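# An overview of the molecular structure
Residues per chain, in single letters:
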Amino acid sequence: MTLLLISPVKLRRTRTPKNTLRIATLFCLAFLFGIAAPAQTVLELFDRNTPDQRVGEDLLADPRLEPFYHGVASGDPSPDGIILWTRVTPESAGPLVVSWELSADTAFSDLVQLGSVVADSSSDYTVNVPLSGLAEGTTYYYRFRALGKYSIIGRTRTASQDASQLRFAVVSCNNYPSGYFSSFGRIAERNDLDAVIHLGDFIYEYAEGEYGTGTGEGREMLEPENEILSLEDYRQRYAWYRLDPDLRRAMQQHPFIFVWDDHESANNSWTGGAQNHDPLTEGEWDDRRQRAAKVYFEWTPIRDDADYSIYRTFTFGDLAELRMLDTRLEGREEQLTDHLDPQVWAPDRTLLGEPQLEWFTEGLTESDARWKLVGNQVVFSPMILENFEAIYPGVQNQYLDTWMGYPGERTKILDTLEQNNINDVVFLTGDVHISLAFDVPEWDGDSLYYDATDGSGSRAVEFVCTSISSDNFDEVVGLFLSNLVEGLFKGENPHAAYNEFDRHGYFVLDLTDARAQADYFYVPTKLEQTLTEAFDQGWYTMTGENHLRPASGPAPPKPVQEIPAPDPTQDATGLNGVTNPGLFVWNIWPNPVTGNRVNVAFTLNMAAPVSLYWTDLNKTSSGLLYQGSLSSGHYTLELDLPAGAAGPGFLEFRMPGHTVLRKIVRF
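Residues numbered from 1 in each chain as written. Predicted model: local features only at pLDDT ≥ 70, side-chain atom pairs only at ≥ 80, totals over all residues. Heavy atoms only, no water.

## Focus on the pattern of salt bridges
If the charged atoms of two oppositely charged side chains come close together, the side chains can form a pair. Scanning the model with the defined rule gives 35 salt bridges in all. Note that Arg-186 is salt-bridged to Glu-189, the shortest N-O span being 3.0 Å. Taking relative accessible area as the criterion, Arg-186 reaches 3% and is therefore assigned buried. Judged by relative accessible area, Glu-189 falls into the partly exposed class, the value being 41%. With a shortest N-O distance of 2.6 Å, Asp-401 and Arg-328 are connected by a salt bridge. One end of the pair, Asp-401, is in the loop between helix 7 (395-398) and helix 8 (407-419); the other, Arg-328, is in the loop between strand 16 (320-324) and helix 6 (354-366), with 73 residues separating them in the sequence. Each member of the pair, Asp-401 as well as Arg-328, carries the same accessibility label: buried. (Salt bridge = Lys/Arg side-chain N within 4 Å of Asp/Glu carboxyl O. Buried < 20%, exposed > 50% of the residue type's maximum accessible area, 1.4 Å probe, protein only. Helix = DSSP H or I, 4+ residues; strand = E, 2+ residues; numbered from the N terminus.)

## Examining the sheet that holds strand 18 (residues 425-429)
Strand pairing in a sheet takes place through backbone hydrogen bonds and is either antiparallel or parallel in direction. Within the open sheet, the 7 strands sit side by side as 15-16-17-18-22-19-23. Their pairing is mixed. In the strand order of this sheet, the two ends are held by strand 15 (312-316) and strand 23 (496-500), each with one partner. Shown here is a sheet whose adjacent strand axes are inclined to one another by a mean of 15 degrees, direction ignored. Sheet topology places strand 15 next to strand 16; 5 bridges connect them, and they run antiparallel. Across the sheet, residue Thr-313 finds its bridge partner in strand 16, namely Arg-323. Along the sheet, helix 6 makes contact with strand 15, strand 16, strand 17 (371-376) and strand 18, crossing strand 16 at roughly 175 degrees. (Pairing = 2+ DSSP bridges. Axes fitted to C-alpha atoms, helices over the stretch in contact; angles between N-to-C directions. Contact = heavy atoms within 4.5 Å.)

## Thoughts on the side chain of Ser-178
Along the chain, the position of Ser-178 falls in the loop between strand 10 (166-171) and helix 1 (182-188). Within polar-contact distance, the side chain of Ser-178 engages the side chain of Asn-175 at 2.8 Å. (Polar contact = N/O pair within 3.5 Å; in protein donor to acceptor, adjacent residues only side chain to side chain.)

## Topic: the sheet that holds strand 24 (residues 505-511)
Here 10 strands make up an open sheet; going across it, the order is 6-3-2-12-11-10-24-25-26-27 and the pairing mixed. Unpaired on one side and paired on the other, strand 6 (126-131) and strand 27 (549-550) mark the two borders of the sheet. Here 4 bridges tie strand 10 to strand 11 (residues 195-198), and the two strands are oriented parallel to one another. Note that in strand 11 the partner of Val-171 across the bridge is His-198. Each of strand 2 (72-78) and strand 12 (255-258) is contacted by helix 3 (residues 245-253), which is oriented at about 45 degrees to strand 2, the strand it contacts most. Along the sheet, helix 5 (residues 285-299) contacts strand 3 (81-87), strand 6 and strand 12; its crossing angle with strand 6, the most-contacted strand, is approximately 65 degrees.

## What to know about the environment of Phe-427
For Phe-427, the location among the structural elements is in strand 18. Taking the C-alpha atoms as reference, Phe-427 lies 9.6 Å from Arg-323; in sequence the two are 104 residues apart. With residues up to four places along the chain from it excluded, the contact list for Phe-427 reads Phe-360, Val-374, Asn-376, Phe-380, Ala-460, Val-461, Glu-462 and Phe-463.

## Thoughts on the pairing of strand 24
Burial of strand 24 is extensive: 7 of the 7 residues sit out of reach of the surface. Of the two faces of strand 24, the one carrying Gly-505, Phe-507, Leu-509 and Leu-511 and the one carrying Tyr-506, Val-508 and Asp-510 are both buried. The pairing of strand 10 with strand 24 spans 5 bridges and is classified as antiparallel. Residue pairing in the sheet places Val-170 in a bridge with Phe-507 of strand 24. Alignment of strand 24 against strand 25 (residues 515-522), held across 7 bridges, turns out to be antiparallel. Of the residues in strand 25, the one forming a bridge with Val-508 is Asp-519. In sequence, strand 24 turns back onto strand 25 through a hairpin of 3 residues.

## Some remarks on the environment of Pro-559
Structurally, Pro-559 is set in the loop between strand 27 and strand 28 (583-589). On the accessibility criterion, Pro-559 (78% relative accessible area) is exposed. Sequence spacing of Pro-559 and Asp-192 is 367 residues, and the spatial spacing of their C-alpha atoms is 8.5 Å.

## A look at the state of the cysteines
A complete count under the given rule lists 0 disulfides for this structure. Cysteine Cys-465 shares no disulfide, and the gap to the nearest cysteine sulfur, in Cys-173, comes to 6.9 Å. (Disulfide = S-S within 2.5 Å.)

Structure, rendered in structure tokens:
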């Protein structure tokens, strides 16, 4: 089909999934040449025939949120502080002032603090505001203002120091093309969480079609389409993920505690490289690692660190202390590839690196908290997989990326617990896309020093969360084989109290002085957005036991439920009184433009004739660039402007009853 009247037009059009949702094609996030201008993103359109269904009204980039399309977030709670985050999508390049307000109520009638910061392209127009001087264990509400408009209101909470009950949602591995993020939507609806602990793989670095594509209807598209390598690539990928409505709601309602795993840089990363990095074609690893870390600190609400170090401690009074480890980039030696290699058992082989190991073991030894929580990316417990080899050859070699590949250092940690009589250590783990719950004994490669009848030999417990959407075992090997493997795994690993290889979700960690319990919740499918979840099982350990027992049901919620932050995207008009227009222009790039070629991205919410005109304010050129009748959906056009002099001009988008002007400066 030819869409050309005057100038060449390149059209990227919607792919329509088989289900009732009509999904718009997702378009390229772009940056101004040379100045890393903002990446604007996508509007995802749904069938409007069921307006009473909230899922049917979600917009990935809702015009009512302008210019804060990526929402708000908070993180790294301390007893007297929190970090507030947002990202502004400006109308043009250059610094801009972003003000913020913190209040004790959603009406902002009881302001606690306020201030302003400057956002610019050096941080991709992201804003991280560290606050202090707040009351411990207190819920606050916050918002930002820029370019004359307010952001949505966020809810956050400082770390409780005198709590009788703490509750955390624990998540990992949200891969966009693998499926929807419905679990984040369910987490957003909880009103008694102290924080959400994200254990890594917040984004995935692969190119479109390389990993997890095809399992999620309508989620195949990625921006950028290529594997992310440059600073702009990483920024675009985070911007893409952060538009997901379920993720946006969860980050709006709760503070997050983040740590990265490997895919925030590249698969199976270590200090000197990664499995998915080829220095011959992709440049020096240190450069890529530095770019990935910089963007991670831009796009997550995390404490600033000049060296991009992310292992750190969070205190929650006498009840809990949380240590977040970096098992990827801080000190990890390169993964071995053969589990029979004697170097696997070398006592000085390190996953954490000596400085982090010393910080970790000293912290455990000196802690006065009842529960010593460990945010840990890869499985710590022994995983005996010898019977797997018959049906899944090479599986033991694949798990050398976990602590199974560094047993000498694991032994040092377990010896520290035993020698110092340290109990009540709880490892919180992600990475493997399956749910597990372990007693943690020692294993020397031949013998497991553990008695399943009473849990003797266990020195800690470990809860492993499945993925939000990344492919789990049944999606890799099939459901029949997955069920077979579950049985084999339990037979070889008597210290594994619970395993679930086939579902997606998260767990809630509930802490009291007497008990630590993990309750596992799953969504019915990742192939479409859903509004429901189901409790599967809960497992707990009592103080001093280091041994898991089955719970009769989920732990009771807190008696006090906090007021949620209002969500204007659920209203008819919403934020700043802006309604959803029939035609919405999302991005024009590059701008300023050198030469004549320019890209535009826009969304139609109804079938209509559309015309695009160029008007040069210097009156040296003008004309019709495109005209056609289009169905509802999302469009990206590549246009050649008429030849003309340098200076300002306007693109005019026309449809019946609606006209949009966008300024372009030509160099």
